[in-house]
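Notes for the structure review
Spelled out, the chains give:
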Amino acid sequence: MTIWNRIEIIRGDITLMTADAIVNAANNSLLGGGGVDGAIHRAAGPALLSACRTLGGCATGEAKITRGYRLPAKWVIHTVGPVWRGGHKKEAYLLASAYRESLLLAREYELKSIAFPNISTGVYGFPKEMAAEIAIEEVSSYLKLNSLPEKVIFCIFDQENFDIYQEIFQRSE
Ligand code: AR6
């Protein structure tokens, strides 16, 4: 059975998504930051930061979960992508791991839908084309073997990433 109808690409702000969980591209402290992390904390309200304080941070490539508080999404899965350092510091492996660990956590919580931002492609400087290939490959491999989450949404904020994802999807479907 095809898994492509379980993947969606949406252009927009992830804080508005009604998926069961949205993923935060956080840093190791899990105590907030700029970019999508800042937007999620602003929209969720201060209870999110309080919850994050109890988690003891998060290693790069791993994931932790909190409730969504004032967000439409019930859960936030906080993951930490790698900082791009030229490509020889396990960046590709760590980015794939961030997607995989988020999906495994969603499965553990029996979530039906999860929305991802383009992890590491902002402040962390991961080349966008390569990041998109890794994200789509990791998500599609995962979906082939797992029935939960049923649906994965790539919530894309910037035009450049949107064009890249559309191009890859047209090739893959
Ligand atoms: N909804 C969806 N995507 C967004 C939004 C939004 N509201 N805002 C930005 N993006 P970044 P990183 C996209 O920098 O590279 C933080 O300070 C943005 O266009 O948020 O993983 C953390 O605390 C880009 O494609 O995350 C870390 O210190 C993508 O989100 C650091 O940034 C990721 O950009 C993590 O850096």
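Scope of this entry: the structure provided in the associated data block. Starting afresh in each chain, residues are numbered from 1 along the sequence in its written order. Given that this is a predicted model, residues contribute local features only at a pLDDT of at least 70 and side-chain atom pairs are listed and counted only at 80 or more, while totals for whole chains, interfaces and linings are drawn from all residues. The basis for the side-chain values is all heavy atoms of the structure; hydrogens and waters are excluded.

Below, the discussion takes up the site of the ligand. Near residues are defined by distance, with any heavy atom within 4 Å of the molecule or strand qualifying the residue. In the region of the ligand, 23 residues are neighbours, and Asn-27, Gly-34, Val-36, Asp-37 and Gly-122 sit closest. In the analysis that follows, any N or O atom pair within 3.5 Å is treated as a polar contact, provided that within protein one partner can donate a hydrogen and the other can accept it, and provided that, for residues neighboring in sequence, both atoms belong to side chains. One of the backbone N or O atoms of Val-36 is found 2.8 Å from an oxygen atom in the ligand. Between the ligand and Asp-158, the relevant distance is 3.2 Å, taken from an oxygen atom to a side-chain nitrogen or oxygen of the residue. Every helix listed is a DSSP run of H or I at least four residues long, and every strand listed is a run of E at least two residues long, numbered separately from the N terminus. Broken down by element, the residue count for the shell around the ligand peaks at 4 residues, all from helix H1 (residues 35–44). Residue polarity is assigned by list, with Asp, Glu, Lys and Arg as charged and Ala, Val, Leu, Ile, Met, Phe, Trp, Tyr, Cys and Pro as nonpolar; anything else, Gly included, falls into the polar class. Tallied by class, the residues present in the shell around the ligand amount to 9 nonpolar, 11 polar and 3 charged.

With 5 of 6 residues buried, strand E6 (residues 151–156) is to be regarded as a mostly interior element. DSSP-based pairing: two strands are paired if at least 2 bridges between them are found. Pairing geometry for strand E1 (residues 7–11) and E6, over 5 bridges, is parallel. By the bridge assignment for E6, Ile-9 is matched with Phe-154. The sheet contact formed by strand E5 (residues 113–116) and E6 spans 4 bridges and is parallel. Burial classes: relative accessible area under 20% of the type maximum marks a residue as buried, over 50% as exposed, and values in between as partly exposed (1.4 Å probe, protein chains only).

Function-wise, these values are silent; they only describe arrangement.
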